[in-house]
Amino acid sequence: MKQRTPVVVNILIIIGLLIVFYYLFVQSYAFLGSPYFWGTVVIAGILAYIHNAIGDLIENNKFKKLSPEEKAAYLAEKKIPFFKRMYAAAFKKQSDTEEKDILIDHGFDGIMELDNQLPKWWVGLFYFGTAFCIVYIAAYAFTDFAHPLSEYEKEYKEQMASIAIYEASQPPVTIETAKYSADNIAEGKELFKTNCASCHKEDGSGGIGPNLTDNYWINQPEKTLFKNVFHMDWNGSPTNPAMRAFGKNGEVSGAEIEKIAAYVYHINQELPPVTPAQGGAAPQGTEAHWEKE
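The structure presented is a predicted model; accordingly, all values stated were derived computationally and were not measured.

Engineer: Just checking my understanding: could you explain the UniProt feature "transmembrane region" (unreviewed entry) in the protein for this structure?
Structural biologist: As annotated in UniProt, the feature "transmembrane region" (unreviewed entry) corresponds to residues 7-25, 37-58 and 121-142 in the numbering used here. End C-alpha to end C-alpha, residues 7-25 measures 27 Å, and it is 100% helix and 0% strand. In this annotation, residues 121-142 is assigned 100% helix and 0% strand; the end-to-end C-alpha distance for the span is 31 Å.

Engineer: How should the packing of aromatic side chains be read in this particular structure?
Structural biologist: Between two aromatic rings, the relevant description is the distance of the centres plus the angle of the planes. By the definition in use, this model includes 18 aromatic pairs. With 6.2 Å between their ring centres and 35° between their planes, Phe-128 and Phe-132 make a pair best called tilted. Here Phe-128 pairs with Phe-132, and both are found in helix H6 (residues 120-142), just 4 residues apart, close to one helical turn. By relative accessible area, which is 33% here, Phe-128 ends up partly exposed. These aromatic residues form a ring-pair network of at least three members: Tyr-22, Tyr-23, Tyr-29, Phe-31, Phe-37 and Trp-38.

Engineer: I keep staring at the UniProt feature "domain: Cytochrome c" (unreviewed entry) in the protein and nothing clicks. Help me out?
Structural biologist: Cross-referencing UniProt, the feature "domain: Cytochrome c" (unreviewed entry) maps to residues 183-268 in the present numbering. For residues 183-268, helix accounts for 48% and strand for 2%, while the C-alpha atoms at its two ends are 16 Å apart.

Engineer: Could you clarify how one ought to interpret the domain arrangement of the protein in this entry?
Structural biologist: It is common to give the size of an interface as the accessible area lost on bringing the parts into contact. When cut into domains, the protein gives domain 1 (7-91) and domain 2 (182-287). Domain 1 and domain 2 are separated by 71 Å when their C-alpha centres are compared.

Engineer: Mind showing me how you'd approach the packing of helix H1 (residues 7-26) against helix H2 (residues 35-64) here?
Structural biologist: To describe two helices that pack against each other, one gives the angle between their axes and the distance between the axes. With their axes 10 Å apart at the nearest point, H1 and H2 run at an angle of 145° to one another. Considering the relative orientation of H1 and H2, their crossing is right-handed. Where H1 approaches H2, its residues Val-7, Ile-11, Ile-14, Ile-15, Leu-18, Ile-19 and Tyr-22 are matched on the opposing element by Tyr-36, Phe-37, Thr-40, Val-41, Ala-44, Gly-45, Ala-48, Tyr-49 and Asn-52. Counted by class, the contact of H1 with H2 contains 13 nonpolar, 3 polar and no charged residues.

The rules behind each value
- Residues numbered from 1 in each chain as written.
- Predicted model: local features only at pLDDT ≥ 70, side-chain atom pairs only at ≥ 80, totals over all residues.
- Heavy atoms only, no water.
- UniProt positions renumbered as here; feature names shortened; annotations may be inferred.
- Helix = DSSP H or I, 4+ residues; strand = E, 2+ residues; numbered from the N terminus.
- Phe/Tyr/Trp six-rings, centres within 6.5 Å; stacked < 30°, edge-to-face > 60°.
- Buried < 20%, exposed > 50% of the residue type's maximum accessible area, 1.4 Å probe, protein only.
- Domains from an automatic or database assignment.
- Axes fitted to C-alpha atoms, helices over the stretch in contact; angles between N-to-C directions.
- Left-handed = near helix turned anticlockwise from the far one by under 90°.
- Contact = heavy atoms within 4.5 Å.
- Nonpolar A, V, L, I, M, F, W, Y, C, P; charged D, E, K, R; others polar.

This is the structure we're talking about:
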């Protein structure tokens, strides 16, 4: 008579399987705080105890039918701890007599084959993997689980919501609070490409609009270069309607203009100017004498 798995081990296996299957559909571990999950665990635990009690009745009935020698062997095996017994069963080697009973009567080159049973842990993993595969494919085919577009939409909405919360909790950037930071140059470059490159080129050397890399400026309402760029991007040019008020019109935010101004400051003050000989636009306006930031 075979030994049975302890009910505690069965419950641990059931909880592990429930966590796997819940995660398949919820896609997060938030269900661990849900009363529905723990209710399922309690119900599964009760069913496991009922199953174990029925097994005890069947085991007792079978035990009564054993011979005294079989009863002694069964009780001796029962004293061995479960995991030790499992380990021994996984690496058990048959005796010569047992090998003779499972020897297959064909061989090749002197090599004989035994009709061994697969280890229980291997068979269990195989059946678990098969069941998991069926559930996974069904979930992928008929639900949003693991669907890349659905996951992208969900993460995109979460990111936009977090951005909205951040912007709502942070004061808006104005010309008074804006400050130059080298950390903003990279993002400012991308924003410049999107909003300004059509007139000033990507490197700021000018085309339809003036060259932003030299020291000649048509409009100089501010005393520092960084503030001047912020002012023009927010309010637009009073002499050129093509240079519209991006900030006032709501096309870009104050935080974005702060980054654009950082990029323009970088290409004007920290990089050599792009001269007309190098493809830059000719100087326009008057020479500026900016105060230091």
